[in-house]
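Geometric and topological summary
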Amino acid sequence: MRFMVITKATAASEAGEPPTTEDFETIGAFIQELVDAGVLLAADGLQPSAEGARIYFDGGKTTVVDGPFTETKELIAGYYLVETKSLEECVEWFRRYPIRQAGGAPANLEIRRVFQAEDFGEEFTAEQRDAVQRREATVAGN
Amino acid sequence: MPTDTHRAIEAVWRIEAPRLIAGLARLVRDVGVAEELAQDALVAALEQWPAEGVPDNPGAWLTTTARRRAIDRIRREQTFRRKVEEAGRELEESSPDIGALVAEDDGIGDDLLRLVFVACHPVLPTPARTALTLRLLGGLTTDEIARAFLVPEPTVAQRIVRAKRTLAQARVPFEVPRGAELTARLSSVLEVVYLIFNEGYAATAGDDWMRPELCADALRLGRVLARLAPREPEVHGLVALMEIQASRTAARTGPGGEPILLAEQNRARWDQLLIRRGLAALRRAEDLIEGDPGPYVLQAAIAAGHARARRFADTDWVRIARLYEHLARVAPSPVVELNRAVALSMAYGPEAGLALLDQLTAFPVLRDYHLLPSVRGDLLAQLGRHAEARAEFVRAAALTRNERERTLLLARAAAPPEPAPGHP
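Calculation notes
- Residues numbered from 1 in each chain as written.
- Chains lettered and ligands numbered in written order.
- Predicted model: local features only at pLDDT ≥ 70, side-chain atom pairs only at ≥ 80, totals over all residues.
- Heavy atoms only, no water.
- Helix = DSSP H or I, 4+ residues; strand = E, 2+ residues; numbered from the N terminus.
- Buried < 20%, exposed > 50% of the residue type's maximum accessible area, 1.4 Å probe, protein only.
- Areas by Shrake-Rupley, 256 points an atom, 1.4 Å probe, with all protein chains shown as cover.
- Contact = heavy atoms within 4.5 Å.
- Buried area = accessible area lost by both parts, 1.4 Å probe.
- Salt bridge = Lys/Arg side-chain N within 4 Å of Asp/Glu carboxyl O.
- Nonpolar A, V, L, I, M, F, W, Y, C, P; charged D, E, K, R; others polar.
- Pairing = 2+ DSSP bridges.
- Axes fitted to C-alpha atoms, helices over the stretch in contact; angles between N-to-C directions.
- pLDDT = per-residue confidence, 0-100.
- Domains from an automatic or database assignment.
- Parallel < 35°, antiparallel > 145°, perpendicular 65-115°, else oblique.
- Left-handed = near helix turned anticlockwise from the far one by under 90°.

Moving on, we come to the overall build of chain B. Looking only at helices and strands, chain B features 18 helices and 0 strands. With the principal axes as the frame, chain B shows a C-alpha extent of 90 × 50 × 40 Å. Taken across its 424 residues, chain B has 49% of its residues classed as buried. Element-wise, carbon and sulfur atoms account for 52% of the exposed surface of chain B, whose accessible area totals about 21,200 Å².

Okay, structure coming up:
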């Protein structure tokens, strides 16, 4: 099963402060463990939302809004893509995530399962394919 | 017992079992005993964690528990040996170093690599090697292995028990082979991993989900191996081959589970992440090669040739035919020759492929192999030799064990001749 583990933004990450040397080493060791175990497929950290933009679709109207965005805790700051046997295994790996917020402030990692071929398989009928296309059309605002 | 804790323990086991067993095997110098000690620690966890909760560092908890039992066991044996010595007997084998218990997990990677080589030791029959590898290094239960290989659970359990006994009786040392032996032993390891992968790849729609899951197990083992033996090009070659083959999973069967040939696959459904990982692994392999590439690197290069082609028509068949020629020299096999014939026909036209196929009919292994007449029929039809083509399709239909394929072949045998596109 493939999972995306999403890390959330902090005031520091949104301010564009690079991680401390210590944090860099700690996280490096953790990533190394994931790689050594053959679990990690990909991982990236994201620049502050000030470097990004959002595109809003509303009816026929398309609006582009440049960052930064204010709701820091809801922003994505990075992701890990892993392949594990189960959600529990993914949870067990990331319970070991070594970085904590300064001053012990609350934080969270979000774990989401990635859709894969076997999730459709035989059940993925022509009608469902149409439904997906309809959904995609909805997302595109048509 | 709360199911949540039980599942958390299973997950911890999956993560920790290989390192735990490898570390213990270094202490007790017996993979079977190490596995039993690890199992004892797991049982202790199953007893204590549901009540006390999963500890913050579950790996350390398991290691400490298992090591304590290992020490008890070694002490018992040493006491026994002393008594034997006192009785005036000679003690030939050296006792395990109890001082090593004090040393922490230094060189756990080396222990894992030793464990891989022992689990895939040539003294064991192949089914035992695969079962032991999945059990010790994949963290699978005997039940999971049994379901994946479509055999009864007691059969797998017995295979593992026998394998452990064989290893102990043969006094297989817990070490990484050196020098000339390394190449042969490494190829045994790679063979086991690729065998596990192919077992999963051959699974069909109705099968237990444990079967296709074997592909993921093999890939994980391969990636681990690439970290343990980073200087071995063939290890990276095997990883590349598996990553690229796994990238086609979504495209290689239709909605009803019927196989879809490479030529007809919807390449938009290929997993680009796995392709990128595969191509990167292949580059690592090629950077390490001194002299001739081995069979896994060559097969990976062929798979990469397909992965790079956005459409089937874009395939560089000249290059692929050359790679097959190389592969046929390094790892000669009639099936490789058959593939080479197809590549030659795609690169240079049906006559080129047919010329090679006609030499292959001499191989006894291929006499009952349905793909030989099937491919031959295909090439003959392209050349307009329809009567001969029909005869080949009928022969292929009689040889195949796949019902769907038989229907298809008989339909081709019955079809009126049509001009072959591209080969007027």
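The next point concerns the overall build of chain A. Counting its secondary structure elements, chain A contains 5 helices and 6 strands. Across the 142 residues in chain A, those meeting the buried criterion constitute 29%. Long-range contacts, defined here as pairs at least 24 residues apart, represent 76% of the contacts in chain A between residues at least 6 apart. Per element, the accessible surface of chain A, about 9,100 Å² overall, is 55% carbon and sulfur.

Taken residue by residue, the interface counts 27 residues in chain A and 28 residues in chain B. With both chains or domains summed, chain A and chain B bury close to 2,300 Å², and 49% of this area falls on carbon and sulfur atoms. Taken together, the connections running from chain A to chain B amount to 8 salt bridges. Residue Glu89(A) pairs with Arg220(B) through a salt bridge whose shortest N-O separation is 2.5 Å. Of all the secondary-structure elements, those providing two or more residues to the side of chain A that touches chain B are helix H2 (21-36), strand E2 (40-45), strand E5 (76-83), helix H3 (87-94) and helix H4 (117-120) of chain A. Of the residues in the side of chain A that touches chain B, the class split is 11 nonpolar, 4 polar and 12 charged.

The next thing to look at is the sheet that holds strand E1 (residues 2-8) of chain A. All names here are of chain A. Strand order across the open sheet formed by 4 strands is E2-E5-E1-E6, with antiparallel pairing between neighbours. Each edge of the open sheet is held by one strand with a lone partner, namely E2 and strand E6 (109-113). Each adjacent strand pair in this sheet contributes to an overall mean axis angle of 15 degrees, direction not counted. Note: E1 against E6, 5 bridges, orientation antiparallel. Bridging from a neighbouring strand, Ile6 pairs with Glu110 of E6.

Before going further, it helps to spend a moment on the pattern of salt bridges. Oppositely charged side chains can pair when the atoms bearing their charge come close. Within this structure, the stated rule accounts for 33 salt bridges over all chains. Salt-bridge contacts for Glu33(A) lead to Arg19(B); the nearest nitrogen and oxygen are separated by 3.5 Å. Note that Glu33(A) is positioned in helix H2 and Arg19(B) in helix H1 (residues 3-28), a pairing that runs across two chains. Relative accessible area serves as the criterion here: at 26%, Arg19(B) is assigned to the partly exposed category. Of the charged contacts in the structure, one is a salt bridge between Arg223(B) and Glu243(B), with a shortest N-O distance of 3.0 Å. Within this pair, whereas Arg223(B) is found in helix H9 (residues 210-228), its partner Glu243(B) is found in helix H10 (residues 233-246), the two being separated by 20 residues in sequence. Through salt bridges that share partners, Glu33(A), Arg96(A), Glu16(B) and Arg19(B) make up one connected network.

Before going further, it helps to examine the confidence of the model for chain A. The predicted model of chain A has a mean per-residue pLDDT of 84, with 82% of residues at 70 or higher. Every residue in residues 133-142 of chain A is under pLDDT 50, and counting partners more than four places away or in other chains gives 4 contacts.

The subject of this paragraph is the domain arrangement of chain B. All names here are of chain B. Domain annotation for chain B reports domain 1 (1-106), domain 2 (110-221) and domain 3 (230-307). Taken together, the contact pairs 17 residues of domain 1 with 17 residues of domain 2. For the pair domain 1 and domain 2, the summed buried area comes to about 1,500 Å², and 56% of that belongs to carbon and sulfur atoms. When residues of domain 1 are sorted by the area they lose upon contact with domain 2, Arg14, Val31 and Glu35 head the list and together hold 37% of the total. For the pair domain 1 and domain 2, the number of links is 4 salt bridges. The residue Arg26 makes a salt bridge to Asp111 at a minimum N-O spacing of 2.6 Å. Of all elements in the fold, only H1 and helix H2 (31-52) reach the threshold of two or more residues within the side of domain 1 that touches domain 2. Per element, the largest residue contribution to the side of domain 1 that touches domain 2 is 10 residues, and it comes from H1. Partitioning the side of domain 1 that touches domain 2 into residue classes produces 7 nonpolar, 3 polar and 7 charged.

Let's shift gears to the packing of helix H14 (residues 334-348) of chain B against helix H16 (residues 371-382) of chain B. Residue and element names in this part refer to chain B. Interhelical geometry of H14 versus H16 gives an angle of 10 degrees and a closest axis separation of 11 Å. Judged on the interaxial angle alone, H16 and H14 are roughly parallel. Here H14 and H16 pass one another in a crossing that is left-handed. Across the interface between the two elements, Leu338, Val342 and Ser345 of H14 pack against Leu371, Leu372, Val375 and Leu379 of H16. The class makeup of the residues in the contact of H14 with H16 is 6 nonpolar, 1 polar and no charged.

Moving on, we come to the side chain of Ser374(B). Here Ser374(B) lies in helix H16. Ser374(B) has contacts with Phe393(B), Ala396(B) and Leu409(B), leaving out every residue within four places of it along the chain.

Right, let's get into the environment of Ile99(A). Residue and element names in this part refer to chain A. As for its placement among the helices and strands, Ile99 is situated in the loop between H3 and E6. Look at Ile99 and you get partly exposed, because its relative accessible area is 24%. Sequence-wise, Ile99 and Phe24 are 75 residues apart; in three dimensions their C-alpha atoms are separated by 9.5 Å. Sequence-distant contacts of Ile99, that is, excluding residues within four places in its chain, are made with Asp23, Thr26 and Ile27.

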